[in-house]
Amino acid sequence: MAISETSLKDVLLFTFDEINKAGGVLGKQLQLIIVDDEGKGDKGVAAIEKLATVDKVDVLIGGIASGVALAQVPTMKKYQIVTVATGAAASTTVEKALGPSPDSDWYFHLHPWDYNQGQSYADGWDAIQKKYPAIKINRIFLAYEEGAFGKSSFDASKAIFGTRYQFDGASFKSALQGGSDYSAVLEAAKEFKPDLFLWAGYAQDALPLLEQSKAMKFSPPVYLGAPPAWPADMSKSPLAENVMLYGMWAQSINDISAASKKFYDAYVKAVGTAPTSYFAALSYSAVYIVADGIKRAGGTDKAKLIAALEATKYASPLGETITFSPSNIIKHQGIRNQKILQWQNGRQEVIWPFEVQSKPIVYPFPAW
Amino acid sequence: MSTLETRGLTRRFGGLVAVNNVSFSLDRGEILGVIGPNGSGKTTFINLVSGVYLPSSGSIMFKGRDITSDAPHLRARAGIARTFQLIHPLQSLTVRENVMLGFLFSRGMRLRQARVEADTICGSLGLERLDRGVAEITMLETKKMEIARALANNPEILFLDEVMAGLNVDETREMVGLVQSVSRRHNIGVGVVEHVMSVIRDLTHRVIVLENGEIIAAGPYEEVSRNPRVIAAYLGGAA
Amino acid sequence: MRRPLSFLIPLLALAAAALLPLVSGPYPLAVARSVLTYMALAISWDMLLRSGQISFGIAGFFGLGAYAAALSVLRGGMSPILSILFAGVFAGAVALILGLVILRLRAVYFSITTLALAEIFRVIIQNWSDFTGGPEGLVLPKLIFNGESKSLYWLVLAAVVIACAASTMFEKSRIRLALSAIRNNEQSAAASGIGIFKYLLVAFVVSSFIQGIVGGIQLQGYGFASPDAVFDSNYTLLPLAMALLGGIHGTPGPVIGALLLGIAAEFLKLHIPYGHLVVYGIIIVLVILFMPQGLYGLLRSRRHAVAPVAENRVDAGAWGK
Amino acid sequence: MAVKRSTILWAAVVAAAVVLILLWKPTVLVYGVQRAGLYAAVAIPMALVLGIVHIVNLAHGELMMVAAYLAYFVANRLLGLDPFVAMVPVALVMAAFGWLIYKATIKHALKAPELNQLILTFGLAIAFSQIANLAFTSQSFKLSLSYVSASATIGDVSFGVFDFVYVAVAVLLAVGLRLFLQRTRMGKAALAVGQNPRGAAIVGINVDRTYGIIFSIAVGLMGIVGSLFLTKQAIFPGVGGPYTMKSFCLVAMAGVGNIVGVLYCSLALGLSEAVINGIRGYAGWSNIVFFAIIIATILVRSYRERKR
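None of the values given here were measured: they were computed from a predicted structure.

**Student:** How would you sum up the overall build of chain A? Please name residues and give values.
**Tutor:** When its secondary structure is counted, chain A shows 11 helices and 12 strands. The C-alpha atoms of chain A give a radius of gyration of 20 Å, which matches the 21 Å a tight globule of 368 residues would have. When the backbone C-alpha atoms are referred to their principal axes, chain A occupies close to 60 × 40 × 35 Å. Every one of the 368 residues in chain A was classed for burial, and the buried ones make up 64%. Within chain A, contacts between residues separated by at least 24 positions form 69% of all contacts whose residues are at least 6 apart in sequence.

In structure tokens:
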């Protein structure tokens, strides 16, 4: 919902272009058919029906909003077209609806489930505290937007952090839904005196939240954001400095990953700006994983393609090699880890995992 | 006891007293004129009796029953019908359908029966081509339709609010005859609000005169029209 | 000539609609399902509109129906078909209770109140997490008819048939006269013995009942409900636009409007993948400017060569009162 | 006498509420007032259009969105102006745009039933937001202005003070429009048109031109409000939608044509929302307060009018 389907469209277009210009797959050109789901369930279902029966596609790629994915799952199950999903993190609804293997073996979920993300964050903060003894986290406060995204973030975080940390949270109305005022949630957070303040909202909330925090003189030792995308102007704001974030890709990964550099250059050339969301890198990866799978399967025969995709080892622009393995319910889960990053000098630097760390952490978050 | 009686009927709008302590009665078969200068409370009085407004104080008795706080449609069903000064016919409906309403909703007839009855009553008033929309008919036809609509309720009391306005001399004469025959044939008590004095003179048995919401005179037209207070009221109203 | 024709056309249309699954693939059926959903909503909205009351609360009763169906299955163990009926009854009952209070309001005040109520339903469901599943919503274990395209299509068609039947009943009975009279002038209507409140209540409850049924079918057909999905303001605005484009105050208008706009939206998407919604918006603007009576209104006024009357507008506009 | 008594009663209720809030959480008062300022500033131009042109403009919020984009791209990126400076050219461009919209669309739907006008402006709203989506994608843009974090500290509570600008602008708009309508020739004519277009036409007022000017003024004011909005909020194609609805509700609550009433209603809503928001764990319910108060106000007023 928050992510521009148009920017996703651009990524798919230039990635297909890139592959086709390099000679295509097995000597054939890949053909891309895009249908806009308009962020609506019924449109999403009609799109699947069209792609399955009119265009007779071999592979489906995409899908971000859990709400749309949820409506599509029954139809997708009907056709069982090989699908590489780049979004849909809600495990209690989407993963449950997909159901266990073998009924969902056609579904390759690239994006981590909410519990994968939660676990990954927990691991990350454990590791960071171990490596940097100065960082002590006992109290965590989560400010979450009141919709499905925020609420599921809260539920997943509470399940994972609630037992080991002092954990509290409060909801706010996202600017995406017409909210404009974060005072109540920030007051609650300030009162709680967290060591780590996390917010789960949308790009629209990023800077207004920071500005209001500054006005209210709320500067927790760790100020962390987890929106699906950041506003285009984030790097220009002095307030962004040393804000931490969750994500999968950042420009700084270019320094250590050739795949990332290649993706970044291609993106900038095609779109004109730097990517503002990790979904771009995810979509790019999805296309390459599919192309690679078809190559190894020697065609688009479903059983062979599924087998080939199961054996995927793709050195992605995300700085990690993507493979598929079972998650809680489904058999083919790709990425499990999120990264912990930090804005430093207008750039997102990777802090954790340490294997891909691009800059050391700046701690604590400076008071204004 | 009269068919319709009001006792001390009063209605205030904010600080203004539009109708003040009006007690009157009207019997079946009788034709009563309600006159008075502009703004004297004539229409408000009809609105009170027909239930558009509730009175601030006072009571309304109809056939011995207190209907002071009854809703307008219940009064229509009970037998108090009216026409409106600013005629608002129902433009989405044909002439026939306009007339059918009373048969359907006041008398509870079925559609088919209401249709037949509407045709009959329109015929008796000289209304024809009932499939026309109300935008297509003449002023006289509109007035007749309004009367037909009122009669469809099977009223015992009927109030006509300036039903002659906008008609020429011949048409007015025709309407006067029509009202008389309707009153006689159906044994209806008719209350006529009218500005044209010749109509009041020809039509009514009795007249009440309102000024500033109060009855200042009552009696036969000839008597009332010589009442100095009435003359003063009209002159004052005109000046 | 006119009588058999006006009888035949709907019958033929119904037959064609019922037979569509035998000749078409699943994709047109999926599109048709959403068109029919909006169609039923548009018809139900128009039924209340005939009284002059403009509701902005379609999404509210639609969403209420979806949640009633979901909760009756998940918490009450009801069968899918029964849950759809329950959805209608529940929405109708809520409309009855609320109607007793809000049907005293008129014009913009009634409209805004229905809009506000829809939002209140949404907020209650979103915040009453323990019972309703909260913002993340509810998922059914399986779809009705196991999600088989044809059956799902016929189910939605059934809702349209119910809506058309109710609407036709409104048109052929005394209800049409009562509602038209109320719309034209309430004082005149009351003077003819029409119980205004009663008829408003009937229209409000019946149209909400249909919206609830459609919501229940939507839930059973897609298998999930979330506050954002089922209380989406599009479920109010699109049916409204469709009815208006087709022509208001009758059954054929909303049907034509839904077909036109629903198919146009999908067609545009196929031919202008980027920017189809811009064109969609512009089409709405152009149609309002050049066909203010709606398509059916245009057809009808051509046939009868009668100048149409803009009857909803009173001097300074009904909003102004 | 009756009027006076009710005024005293209301004043007492408000005063009691204020005292209670001050004792409980003083900042709630601050944030409530600030919130009210934003609501009122956005809603007042809609009240003007509804009061005089008798159109419910469902593209109202989208016009604010257009103005904000205009302020962001033309004024800020190209000319490097601060939004407070940019609001002048933006308002002028928006006023011209408003005139154009009126001439090209609204004007032709004025004689139609109000439903048509509603759908017409709904169509415009879709077109505007989708054009923005096409041109700028749905990603959000946000200025970074240090002054929006202006802060005040009383005792051990710190709070933002920039948002009082919204309050100031809302009051200026309401007072300015009131003076315009009551004191100027143009304004008096507009008021006359608003009350009785036919009558106004008979006395020689050009009704069409008056509608056009008022609509254009309202859209021009949205230029100011949009620029102001840009100082603090992120902009994206869908940013206007929720404000259309909020404004519509506020205007209906205040009563058609009552511009100053919008201020009071905004205040009531802003405060009650802030209060609910201030209760831990119940923030999500604050949305209900907004709509519940609107319904309650409308119902109470309708019943009171019936009684009168």
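Following the structure, the description resumes.
**Student:** Describe the side chain of Thr68 of chain B, and please don't skip the residues or the numbers.
**Tutor:** Residue and element names in this part refer to chain B. With respect to the element layout, Thr68 can be found in the loop between strand S5 (65–66) and helix H2 (72–78). For Thr68, the side chain forms a polar contact with the main-chain nitrogen of Ile60, separated by 3.0 Å. Reaching out from Thr68, the side chain makes a polar contact with the side chain of Asp66 at a distance of 2.4 Å. The residues touching Thr68, leaving out its near neighbours within four places in the chain, are Leu54, Pro55, Gly58, Ser59, Ile60 and Arg75.

**Student:** Explain the sheet that holds strand S4 (residues 57–62) of chain B to me, using residue names and the numbers behind them.
**Tutor:** All names here are of chain B. Overall, antiparallel pairing links the four strands, which are arranged S2-S1-S4-S5 in an open sheet. Since the sheet does not close on itself, it has two edges, and those belong to strand S2 (16–26) and S5, each with one partner. Relative to S5, S4 runs antiparallel, the two sharing two bridges. Within S5, the position partnered with Met61 by the bridge is Asp66.

**Student:** So what's going on with the domain arrangement of chain A? Which residues, and what values?
**Tutor:** Residue and element names in this part refer to chain A. Looking at chain A, the domain boundaries give domain 1 (2–113 + 257–322) and domain 2 (115–253 + 339–356). Relative placement of domain 1 and domain 2: their C-alpha centres are 28 Å apart. Taken together, the 23 residues of domain 1 in the interface contact 17 residues of domain 2. Overall, the association of domain 1 and domain 2 removes approximately 1700 Å² of surface from exposure, summing both partners, and the carbon and sulfur fraction of that is 63%. At the surface where domain 1 touches domain 2, the tally comes to zero salt bridges. Applying the counting criterion to the domain 1 and domain 2 interface returns 11 residue pairs in polar contact (both at pLDDT 80 or more). Those elements giving two or more residues to the side of domain 1 that touches domain 2 turn out to be helix H4 (91–98), helix H9 (258–271) and helix H10 (278–297). For the side of domain 1 that touches domain 2, the element with the highest residue contribution is H10, accounting for four residues. For the side of domain 1 that touches domain 2, the residue count by class is 14 nonpolar, seven polar and two charged.

**Student:** Tell me about the interface of chain C and chain A, residues and numbers included.
**Tutor:** Taken together, the contact pairs 26 residues of chain C with 32 residues of chain A. Between chain C and chain A the total buried area reaches about 2500 Å² when both faces are included, carbon and sulfur atoms providing 61% of it. Linking chain C with chain A are three salt bridges. Lys269 of chain C is the partner of Glu38 of chain A in a salt bridge, and the nearest nitrogen-oxygen pair spans 3.6 Å. At the boundary of chain C and chain A, one finds four residue pairs in polar contact (both at pLDDT 80 or more).

**Student:** Give me the arrangement of the chains: which residues, what numbers.
**Tutor:** The assembly contains five pairs of chains in contact; the pair sharing the most contacts is chains C and D. Left apart from each other, chain A and chain B have a closest C-alpha approach of 38 Å.

So, how was this worked out
- Each chain has its residues counted from 1, running along the sequence as written.
- Here chains are named by letter from A upward and ligands by number from 1 upward, in the order in which they appear as written.
- Per-residue local features of the predicted model are confined to residues with pLDDT of at least 70, and side-chain atom pairs are confined, for both listing and counting, to 80 or more; whole-chain, interface and lining totals are unaffected and use all residues.
- With hydrogens and water set aside, each side-chain value is computed from the structure's full complement of heavy atoms.
- Only DSSP runs of H or I reaching four residues or more are called helices, and only runs of E reaching two or more are called strands; each is numbered from the N terminus.
- It is over C-alpha atoms that the radius of gyration is taken, and the globule rule equals 2.2 Å times the number of residues to the power 0.38.
- Exposure is judged per residue with a 1.4 Å probe applied to protein chains only, and the accessible area is read against the type maximum: over 50% gives exposed, under 20% gives buried, and values in between give partly exposed.
- Here a residue-residue contact requires only that any non-hydrogen atoms of the pair lie within 4.5 Å.
- For the purposes of these results, a polar contact is taken to be a pair of N or O atoms within 3.5 Å, where, inside protein, one atom must be able to donate a hydrogen and its partner to accept one; residues adjacent in sequence count only when each atom of the pair is a side-chain atom.
- At least two DSSP bridges between two strands are needed for those strands to be called paired.
- How far each domain reaches was decided by an automatic or database domain assignment.
- Two parts lose some accessible area (1.4 Å probe) when they are put together, and adding that loss for both gives the buried area.
- For this analysis, a salt bridge means a side-chain nitrogen from Lys or Arg found within 4 Å of a carboxyl oxygen belonging to Asp or Glu.
- Residue polarity follows a fixed list, in which Ala, Val, Leu, Ile, Met, Phe, Trp, Tyr, Cys and Pro are nonpolar, Asp, Glu, Lys and Arg are charged, and the others, Gly among them, are polar.

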